[in-house]
Amino acid sequence: MTERFYDISHLSTRQLQELYTTYIKKGWKDFDYYELMPEGVHPSELSDAEVILNLDGEHKHNYCVYMIDCKGEKDGVMFGFGLSYYPDFTAYLHLPAGLLDEVVEKYSLIPEPEVKDRTIEEFLINGPKGPSLN
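Residues numbered from 1 in each chain as written. Predicted model: local features only at pLDDT ≥ 70, side-chain atom pairs only at ≥ 80, totals over all residues. Heavy atoms only, no water.

### A closer look at the sheet that holds strand 1 (residues 2–7)
Reading across the sheet, the six strands line up as 2-5-4-3-1-6 and stay open at both edges, with antiparallel pairing between neighbours. Each having just a single partner strand, strand 2 (28–33) and strand 6 (110–111) make up the two edges of the open sheet. Taken together, the five bridges between strand 3 (residues 63–68) and strand 4 (residues 76–83) define a ladder with antiparallel strand orientation. Following the sheet pairing, Y66 is matched in strand 4 by V77. (Pairing = 2+ DSSP bridges. Helix = DSSP H or I, 4+ residues; strand = E, 2+ residues; numbered from the N terminus.)

### Quick notes on the pairing of strand 3
Within strand 3, five of the six residues are buried, which leaves it mostly tucked inside the rest of the structure. Bridging between strand 1 and strand 3 involves five bridges; their strand directions are antiparallel. Residue pairing across strands places T2 opposite I68, the latter belonging to strand 3. (Buried < 20%, exposed > 50% of the residue type's maximum accessible area, 1.4 Å probe, protein only.)

### Some thoughts on the nonpolar core
In terms of nonpolar packing, the biggest core is built from 28 residues, with F79, L93 and L109 touching the most fellow members. Listed by contribution, the elements that provide at least two residues to this core are helix 1 (13–23), strand 2, strand 3, strand 4, strand 5 (86–95) and helix 3 (100–106). Not counting residues within four places of it along the chain, the set of residues in contact with L93 comprises L19, Y20, Y23, I24, W28, V77, M78, F79 and F81. In terms of nonpolar packing, the next biggest core, distinct from the first, is built from seven residues, Y63, M67, C70 and Y92 among them. (Core = buried A, V, L, I, M, F, W, Y, C linked by side-chain atoms within 4.5 Å. Contact = heavy atoms within 4.5 Å.)

### Side note on a negative patch on the surface
On the surface, D30, D32, E45 and E73 cluster together to form a negatively charged patch. Within the secondary structure, D32 is located in strand 2. (Patch = residues over 30% accessible without salt bridge, like charges linked within 9 Å, V, L, I, M, F, W, Y side chains within 5 Å. Areas by Shrake-Rupley, 256 points an atom, 1.4 Å probe, with all protein chains shown as cover. Salt bridge = Lys/Arg side-chain N within 4 Å of Asp/Glu carboxyl O. Lys, Arg positive; Asp, Glu negative; His and termini not counted. Charge placed at Lys NZ, Arg CZ, Asp CG, Glu CD.)

### Describing the side chain of N62
Counting through the fold element by element, N62 comes out in the loop between helix 2 (48–54) and strand 3. In this structure N62 touches I8, L16, D56, G57, G80, F81 and G82, once residues within four positions along its chain are discounted.

### Comments concerning the packing of aromatic side chains
Inspection of every chain in the model, using the stated rule, returns six aromatic pairs. Relative to Y63, the ring of F5 has its centre 6.4 Å away and its plane inclined at 50 degrees; by these criteria the two rings are tilted. With F5 in strand 1 and Y63 in strand 3, this residue pair connects regions lying 58 residues apart in the sequence. Note on Y86 and F89: the rings are 5.8 Å apart at their centroids and 45 degrees apart in plane angle, and the pair reads as tilted. Exposure remark for F89: the relative accessible area of 5% places this residue in the buried category. Pairwise contacts between aromatic rings join F31, Y33, Y86 and F89 into one cluster. (Phe/Tyr/Trp six-rings, centres within 6.5 Å; stacked < 30°, edge-to-face > 60°.)

So this is what it looks like as structure tokens:
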């Protein structure tokens, strides 16, 4: 299992909108609640226009991760986007693994320092540098 996170905090709202608009044609989207919901409860399906209008470059839940052999996930690049007017769930943009180099170069993405055994949830809670000792 490989998970490599990339810093996207330097991307503006406009750049995130461009990224989504450009790459949704090469991938797919889905949505998930931040908190576990009762079985059978699913987040709303939003149109691409609604996702684009709700992207925010400063949202704390924005991230990018490259995944290979991760349980329940297809190999590839996944962007998670917190949405301004839908605070309960995240939109995900999934891209084929072959697009990693292109996206990294185009948007100047830098790999986060490796933290062993870190899950996506821990990344969202603690940030790119891991838990604080304060």
